Amino acid sequence: MTSQPSPLTNALTVDVEDYFQVSALAPHIDRATWPVRPCRVERNVHRLLDLFDERNAKATFFTLGWVAERYPQLVREIVARGHELASHGYGHLRASDQSRPEFFEDIHRAKALLEDIGATAIRGYRAPSFSIGNSNPWAFDVLLEAGYSYSSSVYPVKHDHYGMPDAPRFPYDARPGLIEVPVTTTQMFGRNLPAGGGGYFRLAPYALSRWVIQRVNRIDRRPAIFYMHPWEIDPGQPRIAGTSLKTRFRHYVNLNKTESRLSRLLADFRWGRVDQVFGLAAA
């Protein structure tokens, strides 16, 4: 028997980057080759926009400045369709790999560029690979300096590439004037387990993703925040040679199933923008 959907509206988010900008593939791709690689992000984002329209879902698009600079009309289309435009930084550099001045330059540049192209205020930021954690808490101070009012850069799980398992599971004041909205987890057996999408959504059966989001809605009585990437609905993307078996598994498995799973997810829950779901929109 199928359970009834939660009355809560959850937050749907997209990290707008292309397949060759993924952090796990960085050791195999020279950043200098980005401009000459075949880009697929425009087509993939348009497909997501159409799918969201079909399901009456709104989302927050954490967009790379690098992408916005090359596809300004795509940025305008995101805004025109009623979605929230937010920042993913300019060059998809992990916050933890940058100095404080470098981080400020990256996020300030992205914010200014997105606001100019999208003609809308940029309040939110998500660090590539959820790379704000115990090693760089100063990043929250820099986000405030750059004019952001919220971040979604912490994932309260243990992971080999990211994670801050001791962080609060739900939105909290990272600094006065800056809210952190962590990616959703569910708590079981004394541990935080992923419940916010990403690779877990592709690799595990769909029923598990639906169950953990329902669990957060019903037991915690909180909206979930789900994230994905445009390249995850693109099984035809070029394969990058020389990657490890683990990287290939994480990146390529079930790409051909993600779009249909996403369509089911959009039907099974209500979805909105981060700023509206969590009351962060400007008055």
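Summary of the structure given here.

Rules and cut-offs
- Residues numbered from 1 in each chain as written.
- Predicted model: local features only at pLDDT ≥ 70, side-chain atom pairs only at ≥ 80, totals over all residues.
- Heavy atoms only, no water.
- Helix = DSSP H or I, 4+ residues; strand = E, 2+ residues; numbered from the N terminus.
- Rg over C-alpha atoms; globule rule 2.2 N^0.38 Å.
- Buried < 20%, exposed > 50% of the residue type's maximum accessible area, 1.4 Å probe, protein only.
- Contact = heavy atoms within 4.5 Å.
- Areas by Shrake-Rupley, 256 points an atom, 1.4 Å probe, with all protein chains shown as cover.
- Lys, Arg positive; Asp, Glu negative; His and termini not counted.
- Charge placed at Lys NZ, Arg CZ, Asp CG, Glu CD.
- Core = buried A, V, L, I, M, F, W, Y, C linked by side-chain atoms within 4.5 Å.
- 1 Å grid on protein atoms, 1.4 Å probe; cavity = no way out; pocket = protein on both sides within 12 Å on 5 of 7 lines; lining within 4 Å.
- Points joined across faces, edges and corners; volume = space filled by probe spheres on them.
- Nonpolar A, V, L, I, M, F, W, Y, C, P; charged D, E, K, R; others polar.
- Arc of directions from axis to C-beta.

Quick word on the overall build of the chain
Logical step 1: From N to C terminus, the chain includes 10 helices and 11 strands.
Logical step 2: Taking 2.2 N^0.38 as the reference for a compact globule, 283 residues should give roughly 19 Å; the C-alpha atoms of the chain span a radius of gyration of 18 Å, in line with that estimate.
Logical step 3: Each of the three principal axes of the chain carries a C-alpha extent, and together these read 50 × 45 × 40 Å.
Logical step 4: Out of the 283 residues belonging to the chain, those deemed buried represent 54%.
Logical step 5: Look at the contacts in the chain between residues 6 or more apart in sequence, and 77% of them connect residues 24 or more apart.
Logical step 6: Of the roughly 12200 Å² that the chain leaves accessible, carbon and sulfur atoms contribute 52%.
Logical step 7: One way to put it: in the chain the 35 positive side-chain charges average out to a point 8 Å from where the 29 negative ones average out.

Section: the nonpolar core
Logical step 1: The biggest cluster of nonpolar side chains holds 69 residues, and the ones touching the most others in it are Phe-52, Phe-61, Leu-143, Phe-226, Leu-262, Leu-265 and Trp-271.
Logical step 2: If sequence neighbours within four positions are ignored, Leu-143 has contacts with Phe-103, Ile-107, Tyr-125, Ile-132, Tyr-148, Ser-151 and Leu-178.
Logical step 3: Listed in part, the 9 residues of the second largest apolar core include Phe-62, Ala-86, Tyr-150 and Leu-280.

Quick word on empty space enclosed by the protein
Logical step 1: All told, the structure shown has 1 cavity of 30 Å³ or more when counted by the stated rule.
Logical step 2: A volume near 40 Å³ is recorded for the largest cavity.
Logical step 3: Arg-169, Phe-170, Pro-171, Pro-182, Thr-184, Pro-223, Ile-225 and Phe-278 together form the lining of the largest cavity.
Logical step 4: A breakdown of the residues in the lining of the largest cavity according to their chemical character gives 6 nonpolar, 1 polar and 1 charged.

A look at the side chain of Gln-237
Logical step 1: Relative to the helices and strands, Gln-237 is located in the loop between strand 10 (225–228) and helix 8 (245–252).
Logical step 2: Residue classification places Gln-237 among the buried positions, given a relative accessible area of 2%.
Logical step 3: With residues up to four places along the chain from it excluded, the contact list for Gln-237 reads Tyr-19, Arg-40, Trp-231, His-251, Tyr-252 and Leu-255.

Some points on the environment of Leu-48
Logical step 1: Tracing the sequence through the fold places Leu-48 in helix 1 (residues 41–54).
Logical step 2: Along the sequence, Leu-48 and Ile-233 sit 185 residues apart, while their C-alpha atoms lie 8.6 Å from each other.

A closer look at helix 5 (residues 138–145)
Logical step 1: When we look at burial in helix 5, the residues that qualify are Ala-139, Phe-140, Val-142 and Leu-143. Down the axis of helix 5, the buried side of the element spans an arc of 160 degrees, and every buried residue falls inside it.
Logical step 2: Looking one or two residues past helix 5, Gly-147 carries a phi angle of roughly 95 degrees, positive in sign.

Read these as layout, nothing more, since geometry by itself doesn't imply function.
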